[in-house]
Amino acid sequence: MADGDTVKMKLTFWRGDKKPGDVIDVPVDEVHRWKGFATQVDEPKPTSKTVPAVTAETLKAK
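Everything in this summary refers to the structure shown in the same document. (Residues numbered from 1 in each chain as written. Predicted model: local features only at pLDDT ≥ 70, side-chain atom pairs only at ≥ 80, totals over all residues. Heavy atoms only, no water.)

1. Section: the pairing of strand β1 (residues 6-11)
Inference 1: Alignment of β1 against strand β2 (residues 23-27), held across five bridges, turns out to be antiparallel. Looking at the pairing, K10 lines up with V23 of β2.
Inference 2: Looking at chain direction, β1 and strand β3 (residues 38-40) are connected through three bridges and run antiparallel. Directly across from M9, in β3, lies its bridge partner Q40. (Pairing = 2+ DSSP bridges. Helix = DSSP H or I, 4+ residues; strand = E, 2+ residues; numbered from the N terminus.)

2. Section: the packing of aromatic side chains
Here a ring pair, both rings aromatic, is described through the centre-centre distance and the interplanar angle of the planes.
Inference 1: Tallied over the entire structure, the rule returns zero aromatic pairs.
Inference 2: In this structure, R15 is placed above the aromatic ring of W34, and the distance from its NZ or CZ to the ring centre is 4.5 Å.
Inference 3: Stacked on the ring of F37, the Lys or Arg R15 has its end atom at 4.6 Å from the ring centre. (Phe/Tyr/Trp six-rings, centres within 6.5 Å; stacked < 30°, edge-to-face > 60°. Lys NZ or Arg CZ within 6 Å of the ring centre and 35° of its normal.)

3. Remarks on the environment of W34
Inference 1: Positionally, W34 belongs in helix α1 (residues 31-34).
Inference 2: Taking relative accessible area as the criterion, W34 reaches 16% and is therefore assigned buried.
Inference 3: Separated by 23 residues in sequence, W34 and L11 have C-alpha atoms that sit 8.7 Å apart.
Inference 4: The residues contacting W34, other than those within four sequence positions of it, are M9, L11, R15, I24 and V26. (Buried < 20%, exposed > 50% of the residue type's maximum accessible area, 1.4 Å probe, protein only. Contact = heavy atoms within 4.5 Å.)

4. Thoughts on the nonpolar core
Proteins that are soluble and globular tend to have nonpolar side chains buried together.
Inference 1: Core analysis: the biggest nonpolar cluster contains eight residues, these being V7, M9, L11, I24, V26, V31, W34 and A38.
Inference 2: Elements represented by at least two residues in this core include exactly β1, β2 and α1.
Inference 3: A total of three residues in this core trace back to one element, the largest contributor, which is β1. (Core = buried A, V, L, I, M, F, W, Y, C linked by side-chain atoms within 4.5 Å.)

In structure tokens form, the structure reads like this:
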């Protein structure tokens, strides 16, 4: 996992000092630990280290 890959999750139950409704940043590889305590709000943020996907449209553009 690259540094900075996080997902925003909204808490549905109390977790430590956080209350339901709080939005927190969770590392992508730890999302499974938050299931039942939070719901995913957005998709993971890509980092500069990700490689763009090659699609038919990008090949036609070249």
